Amino acid sequence: MKKSLRFLFFATFSALFFVAFLPATSAFSAESGTESKTEPETASETAQKYLLRYQWNVGDQLDWEVTHSNRTLTKIGTTAENVDTYTHSVKSWKVEKVDENGVGTVVNSVPWVDMRERREDGTMRTFDSRTEMAPQDGFDTVPESLGRELSRVQISARGEQISREDYRATTIVQQANQAYVCIIFPEEAISVGHSWTHKYPIYASNQTGTLQRVEMIQRFTLEGVSNGIARIAYSTKILSPIQDQAIRAQLLDRLYEGTFLFDVERGRAILLTERVDQSVLGFRGDVSSLKVSINFTERLLLK
């Protein structure tokens, strides 16, 4: 198998277990910083303020239907590869305990997954854990992560990560780059039009294999509240100057923008839609390019 295809397989599996940790979004680390400000608003909007907080209740199980499609076009010299991947799964969160400060301990798992991959030559690979026992080559590591605990996270009512144990992260870099599990809300009650940002680091390898720290930033805006449902728009950008296009190529799938719906009264995420459409030139030699297109949806399953 070509090196680029091996990279694409790894990216596909990483995406599956990455989204298994997310009820909202974000790639915030424990080193993240928060800034908050209110944009100009109309008089009617400033009349109402909302305190956004997660509510954790012992014994609650929150299940989300997750869909993730990824189209990757790689060109190196005269060779081009076009790979489409699709993942459909359910992500489960079980609230194990809640302390006196409202900090919830949440256990994450993925009960089942349906994965598909189509390559440039039209060949297909598929694996549906609901109906298949033995996955095809390339999907062989997936079953061992299904129906078991993937992580245990303590999360405050604001969405701050207090502690985290990941059972799939096997290297320091993987642990450092693990996604933050919730949007961190502002300290104060906010009105429509209010924006806040988070800065956080991730790590990528340059062309010599040396790790480089890259600073990222996400910006959130409360666009509106209707029938108790808050609509929050967000986008992600790179803060650090990057000269090495191999590093930029590793960050393309993190440059997402999207919309997050949050039930203010019940204190839980109900819908996330996310998209990426990014490209880079010269990531593996002068005559090379990489284009990534991603659509991601996570919807709370009502019981």
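These numbers were taken from a predicted model, which means no experiment stands behind them.

Comments concerning the environment of T273
Then comes step 1: Among the secondary structure elements, T273 is positioned in strand β12 (residues 268-281).
Then comes step 2: Leaving out residues up to four positions away in the same chain, T273 has contacts with Y234, E257, G258, T259, F296 and T297.

Things to note about the confidence of the model for the chain
Then comes step 1: When the pLDDT values of the chain are averaged, the result is 83; 80% of them are 70 or greater.
Then comes step 2: Taken element by element, the chain is modelled with least confidence in helix α1 (residues 3-19), mean pLDDT 41, and with most confidence in strand β10 (residues 229-238), mean pLDDT 96.
Then comes step 3: Low pLDDT, under 50, characterises residues 1-31; the stretch is placed with 110 contacts to residues that sit more than four places away or in other chains.

A look at unusual backbone geometry
Then comes step 1: In this model, N227 sits at a positive phi of 55°, which is unusual for a non-glycine residue.
Then comes step 2: Relative to the helices and strands, N227 is located in the loop between β9 (211-226) and β10.

Digging into the environment of Q61
Then comes step 1: With respect to the element layout, Q61 can be found in strand β2 (residues 61-76).
Then comes step 2: Each C-alpha atom, one on Q61 and one on V106, is 9.3 Å from the other, the two residues being 45 residues apart in sequence.
Then comes step 3: Other than its neighbours up to four places away in sequence, Q61 contacts S92, W93, K94 and K303.
Then comes step 4: Side chain to side chain, Q61 and D63 meet in a polar contact 3.3 Å long.

Some points on the nonpolar core
Then comes step 1: With 41 residues, the main nonpolar core has L52, F185, W196 and F260 as its most contacted residues.
Then comes step 2: Broken down by element, this core gets its largest block of residues, six residues, from β12.
Then comes step 3: Counting nine residues, the second-largest nonpolar core is a separate cluster that includes I202, V214, I242 and I247.

Rules and cut-offs
Sequence order as written defines the numbering, with residues in each chain counted from 1. Note on the predicted model: pLDDT of at least 70 is required for a residue's local features to be given, and 80 or more for side-chain atom pairs to be given and counted; whole-chain, interface and lining totals, by contrast, use all residues. Working from all heavy atoms in the structure, the side-chain values ignore hydrogens and water. Working definition: helices are DSSP H or I runs of at least four residues, strands are E runs of at least two. Numbering for both runs from the N terminus. What makes two residues a contact is simply this: any of their non-hydrogen atoms within 4.5 Å. Residue-level confidence of the predictor is summarised by pLDDT, bounded by 0 at the bottom and 100 at the top. Polar contact criterion, stated in full: a pair of N or O atoms within 3.5 Å, where within protein one must be able to donate a hydrogen and the other to accept it, and residues adjacent in sequence count only if both atoms are side-chain atoms. To form a nonpolar core, buried Ala, Val, Leu, Ile, Met, Phe, Trp, Tyr and Cys residues must be joined to one another through side-chain atoms within 4.5 Å. Partly exposed residues are those whose accessible area sits between 20% and 50% of the maximum for their type, while under 20% is buried and over 50% is exposed, using a 1.4 Å probe and protein chains only.

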